[in-house]
Amino acid sequence: MEHLKKVLQSAGLQGACSKSHKVSDYRSLVWLFFSPQGREFCIENSFPDPQQFASIAEGIEPYGVYVNRGEVIQENPEQFAAVGNTTARLTFDDPQRVHKVILMHGAKAHIQASNYAVILLVKTQDCDVKIQKDQTVVIL
């Protein structure tokens, strides 16, 4: 939890919103990361940096944030983030929700989507994504 505290202190110094003060564990940190304000802050500030992500990787992975994990394969995750040396192979065909995908710090993704799936994709400029989709899919 010491690493979590350091990440939160750093976020405060960079001007994170007041919601960051309510984070008490890895689960609430990841919830904030996937929120609209959290996504915007993290992408605009490239935050956390790769070393900070690595220091909390074990705590955040159970909640869908994969850091330096090589290849990760998933189908229809509601929320998924790849960071650093991670290549995601994601398949989406569930039209019942908006699937959130975040890529940071050089992560890569191969997305295959169909059946009216809706995907919110947010990434830093250093990330590569390849998308194969049918005409029913919406990428936000």
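So, here's what we can say about the structure. Note that the coordinates shown come from a computational prediction; the quantities given were computed from them, not determined experimentally.

So, the overall build of the chain
Of regular secondary structure, the chain possesses 4 helices and 9 strands. Each helix and strand of the chain, ordered N terminal to C terminal, gives the series α-α-α-α-β-β-β-β-β-β-β-β-β. Against the compact-globule benchmark of 14 Å for 140 residues, the chain has a radius of gyration of 15 Å, which places it among compact chains. Taken along the three principal axes of its C-alpha coordinates, the chain extends 45 × 30 × 25 Å. Across the 140 residues that make up the chain, the buried fraction comes to 45%. Excluding contacts between residues fewer than 6 apart, the proportion of contacts in the chain whose partners are at least 24 apart in sequence is 28%. Accessible surface, the chain: about 7700 Å² in total, of which carbon and sulfur atoms supply 47%.

So, the nonpolar core
Ranked by size, the top nonpolar core spans 23 residues in total, and within it F33, F34, F53, I60, V65, V67 and M104 carry the most contacts. Those elements that provide at least two residues to this core are α1 (2-13), α2 (26-34), α3 (36-45), α4 (50-60), β1 (65-67), β3 (79-83) and β5 (98-104). Of all the elements, α2 adds the most residues to this core, at 6 residues. Those residues in contact with V67, other than ones at most four positions away along the chain, are F53, A54, A57, I60, V83 and T86. Core analysis: the next-biggest nonpolar cluster, separate from the first, contains 18 residues, A82, F92, A109 and A117 among them.

Concerning the sheet that holds strand β7 (residues 118-123)
Judged by pairing direction, the sheet is parallel, and its 5 strands sit side by side in the order β1-β3-β5-β7-β9 without closing on themselves. Every interior strand has two partners, whereas the edge strands, β1 and β9 (138-139), have only one. Alignment of β3 against β5, held across 5 bridges, turns out to be parallel. Each residue of the ladder has a partner; that of V83, found in β5, is M104. Against the sheet, α3 touches β5 and β7, its axis set at about 20° to β5. Against the sheet, α4 makes contact with β1, β3 and β5, and its axis sits at roughly 135° relative to β1, the strand it touches most.

Section: the side chain of D94
Within the secondary structure layout, D94 lies in the loop between β4 (86-92) and β5. At a separation of 3.2 Å, a polar atom in the side chain of D94 contacts the side chain of R97. Leaving out residues up to four positions away in the same chain, D94 has contacts with N76, H99 and A117.

Let's talk about α3
Buried residues of α3: G38, R39, F41 and C42, and no others. The first or second residue beyond α3 is S46, which carries a positive phi of 45°.

Some words on the sheet that holds strand β6 (residues 108-113)
Each strand in a sheet pairs with its neighbour through backbone hydrogen bonds, running either in the same direction (parallel) or in the opposite one (antiparallel). The strand order across the open sheet built from 4 strands is β2-β4-β6-β8, with neighbouring strands paired in parallel fashion. Edge positions in the sheet fall to β2 (70-75) and β8 (128-133), since each has one partner strand and no second. Ignoring which end each strand starts from, the neighbouring axes of this sheet average 10° apart. Bridge analysis of β2 against β4 gives 6 bridges, and the strand direction is parallel. Residue pairing across strands places G70 opposite T86, the latter belonging to β4.

Conventions we followed
- Residues numbered from 1 in each chain as written.
- Predicted model: local features only at pLDDT ≥ 70, side-chain atom pairs only at ≥ 80, totals over all residues.
- Heavy atoms only, no water.
- Helix = DSSP H or I, 4+ residues; strand = E, 2+ residues; numbered from the N terminus.
- Rg over C-alpha atoms; globule rule 2.2 N^0.38 Å.
- Buried < 20%, exposed > 50% of the residue type's maximum accessible area, 1.4 Å probe, protein only.
- Contact = heavy atoms within 4.5 Å.
- Areas by Shrake-Rupley, 256 points an atom, 1.4 Å probe, with all protein chains shown as cover.
- Core = buried A, V, L, I, M, F, W, Y, C linked by side-chain atoms within 4.5 Å.
- Pairing = 2+ DSSP bridges.
- Axes fitted to C-alpha atoms, helices over the stretch in contact; angles between N-to-C directions.
- Polar contact = N/O pair within 3.5 Å; in protein donor to acceptor, adjacent residues only side chain to side chain.

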